[in-house]
Amino acid sequence: MSTLLSTWSRNVQSVPANYVFPEDKRPGGDIAAPVCKDIPVIDLSRLDDRDHVEIIQQIMKANHDLGMFQVTNHGVSEELMDETMNLFKDFFNMPAEDKAMHYSEDGTKGFRLYTSGMNYIKDGINLWKDTVRHICHPLEAHIQSWPEKPARYREVVGVYSVEMRKLSLRILDLICEGLGVELGYFGDELSKLHELAAHHYPPCPDPRLVLGFGGHTDTNLLTLLQQDMYGLQIFKDGQWLGVEPIPHAFVINICDQLEVISNGKLKSARHRVVTNTNVARTSLATFISPSLESIIEPERALVSASEPQLFKSFRFKEYRDTYIANLREPKGTSPALEAYKL
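In this text, all values refer to a predicted model and were calculated from it rather than measured experimentally. (Residues numbered from 1 in each chain as written. Predicted model: local features only at pLDDT ≥ 70, side-chain atom pairs only at ≥ 80, totals over all residues. Heavy atoms only, no water.)

(A) Focus on the overall build of the chain. Of the regular secondary structure elements, the chain holds 9 helices and 14 strands. With 342 residues in all, the chain has 52% of them scored as buried. Put simply, of all contacts in the chain between residues at least 6 apart along the chain, 77% involve residues at least 24 apart. Within the structure as shown, the chain displays about 15200 Å² of accessible surface, and the carbon and sulfur contribution to it stands at 52%. Across the chain, 36 positive and 46 negative side-chain charges occur, with their mean positions spaced 5 Å apart. (Helix = DSSP H or I, 4+ residues; strand = E, 2+ residues; numbered from the N terminus. Buried < 20%, exposed > 50% of the residue type's maximum accessible area, 1.4 Å probe, protein only. Contact = heavy atoms within 4.5 Å. Areas by Shrake-Rupley, 256 points an atom, 1.4 Å probe, with all protein chains shown as cover. Lys, Arg positive; Asp, Glu negative; His and termini not counted. Charge placed at Lys NZ, Arg CZ, Asp CG, Glu CD.)

Next up, the structure:
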């Protein structure tokens, strides 16, 4: 338990050596990089009027160019978002003994609290974060493994998970429209896995030296992120730029599996997280993934003589294994994604 940042980091005056990134990977002066102005903010309440086609076009352009957009008026209540965020902040601020029973470096567990990356012992250079991660779907099969502290944890996070799944499937249907495939295309095995991760980034003595998350693309299908302060950055045109924290909006990340299924029409967003010296930052990430045995390949309707198939077929489990095996590769596009290109 002494490895949890939220337990010991407030008492240190300098960054421990095992958290210091090499000079070519540390953020340096980019910790306060300017906000990217090209990420569109989509008001989903406008989908019911004559702007529908225009909004789909905006989403698809953002997905092609950046792999990222934000949504407002999305149907998840502000009260639920605030209550869930505050609950996770309370969790990370609990006494160490209350968190001890949940700490695990076993990546197969349905619910766990861990520090740095997926395996602290093997991470090498550690990330400046703690994470709570749990499986959310089907809810009734997993909720009993969730903590009972703070009070109402299971109740609030359960409702949040249900609402986030609804929003995820709605976003995926908008992507279906943009791609020209049938609605519900992603509604079964391709979106079967649903996880929620709360990432907690305590204040850091020297944010120039560390990363909360290194540059990466997500292995899953779609990620929805709730954030309430600066820290997320996207890699665009050879530089890191900030993703503006908009109150009660969700950042939508296109991930590796959507890039493959769309035959390259959508771009998996490369992103990272930087820290700050003053305030802890907590973000909530909803991950939608295919079932492990799903066969992932470009949708046939999106392949033609003029747009040939760009990726090989594979099982999602195989892809995740390839990704983990290549975590130490230099930055650039996802080494796993490159491995399956034709």
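Let us keep going from here.
(B) Here's a closer look at the environment of Met-164. Tracing the chain through its elements places Met-164 in helix H6 (residues 153–179). By relative accessible area, Met-164 is classed as buried at 0%. Taking C-alpha positions, Met-164 is 24 Å from Asp-51, a pair spaced 113 residues apart along the chain. Sequence-distant contacts of Met-164, that is, excluding residues within four places in its chain, are made with Val-76, Leu-224, Phe-250 and Thr-286.

(C) Here's a closer look at the nonpolar core. Residues Ile-171 and Leu-222 are the most contacted members of the largest nonpolar core, which totals 66 residues. The greatest single-element share of this core, amounting to 12 residues, is contributed by H6. With sequence-adjacent residues up to four places away left out, Leu-222 is seen in contact with Ser-168, Ile-171, Leu-172, Ile-175, Ile-252, Asn-253, Ile-254, Cys-255, Leu-258, Thr-286, Phe-287 and Ile-288. (Core = buried A, V, L, I, M, F, W, Y, C linked by side-chain atoms within 4.5 Å.)

(D) Quick look at the sheet that holds strand S2 (residues 68–72). Strand order in the open sheet formed by 8 strands is S1-S2-S10-S7-S12-S5-S4-S3, with mixed pairing between adjacent strands. Because the sheet does not close on itself, it has two edges, and the strands there are strand S1 (41–43) and strand S3 (111–115). For this sheet, the mean inter-axis angle between neighbouring strands, taken without regard to orientation, is 25 degrees. As defined by bridge partners, strand S7 (residues 222–226) adjoins strand S10 (residues 250–254) across 4 bridges and the pair is classed as antiparallel. Note that in S10 the partner of Leu-224 across the bridge is Ile-252. Contacting S3, strand S4 (130–135), strand S5 (193–201), S7, S10 and strand S12 (281–289), helix H3 (residues 78–92) crosses the sheet at an angle of about 115 degrees to S12. Along the sheet face, H6 touches S2, S3, S4, S5, S7, S10 and S12 and points at about 130 degrees away from the line of S7. (Pairing = 2+ DSSP bridges. Axes fitted to C-alpha atoms, helices over the stretch in contact; angles between N-to-C directions.)

(E) Here's a closer look at the pairing of S10. With respect to burial, S10 is a largely interior element, 5 of its 5 residues being buried. Residues Phe-250, Ile-252 and Ile-254 line one face of S10 and the alternating positions Val-251 and Asn-253 line the opposite face, and both faces are buried. For S2 and S10, the ladder comprises 4 bridges, and the chain directions are antiparallel. Paired with Met-68 across the two strands is Asn-253, which belongs to S10.

(F) Spotlight on the environment of Gln-58. With respect to the helices and strands, the residue Gln-58 is situated in helix H2 (residues 52–65). Here Gln-58 falls in the partly exposed class, since its relative accessible area comes to 29%. Linking Gln-58 and Gly-178, residues 120 residues apart in sequence, is a C-alpha distance of 9.5 Å. Other than its neighbours up to four places away in sequence, Gln-58 contacts Pro-40 and Ile-42.

(G) View of the UniProt feature "domain: Fe2OG dioxygenase" (unreviewed entry) in the chain. The sites that carry the UniProt feature "domain: Fe2OG dioxygenase" (unreviewed entry) are, in the present numbering, residues 192–290. Taken end to end, residues 192–290 is 6% helix and 44% strand, and its first and last C-alpha atoms sit 5 Å apart. (UniProt positions renumbered as here; feature names shortened; annotations may be inferred.)

(H) Broad picture of the side chain of Ser-168. Relative to the helices and strands, Ser-168 resides in helix H6. Classification of Ser-168 by relative accessible area gives buried; the value is 1%. Beyond its immediate sequence surroundings of up to four residues, Ser-168 is in contact with Leu-222, Leu-224, Thr-286 and Ile-288.

(I) Focus on H2. For H2, which comprises 14 residues, the first-to-last C-alpha distance of 20 Å matches the rise-based estimate of 20 Å (1.5 Å per residue) to within 8%. If you check which residues of H2 are buried, you get Ile-55, Ile-56, Ile-59, Met-60, Ala-62 and Asn-63. The buried residues of H2 occupy an angular sector of 160 degrees when the element is viewed end-on, so they sit on one face. Among the exposed residues of H2, those oriented more than 90 degrees off its buried face are Val-53, Gln-57 and Lys-61. Downstream of H2 by one or two residues, Gly-67 has phi in the positive range, about 80 degrees. (Expected span 1.5 Å × (residues − 1). Arc of directions from axis to C-beta.)

(J) Quick look at the packing of aromatic side chains. Evaluation of the coordinates by the stated rule reveals 11 aromatic pairs. Summarising the aromatic geometry, the rings of Tyr-19 and Trp-128 are spaced 5.3 Å apart at their centres and angled 75 degrees between planes, so their arrangement reads as edge-to-face. With a gap of 109 residues between them, Tyr-19 in the loop between helix H1 (5–8) and S1 and Trp-128 in the loop between S3 and S4 connect regions that are remote in the sequence. Members of the aromatic cluster, each reached through a chain of ring pairs, are Phe-88, Phe-91, Phe-92 and Tyr-153. The aromatic ring of Tyr-114 is capped on one face by Arg-112, whose charged end is 4.0 Å from the ring centroid. (Phe/Tyr/Trp six-rings, centres within 6.5 Å; stacked < 30°, edge-to-face > 60°. Lys NZ or Arg CZ within 6 Å of the ring centre and 35° of its normal.)

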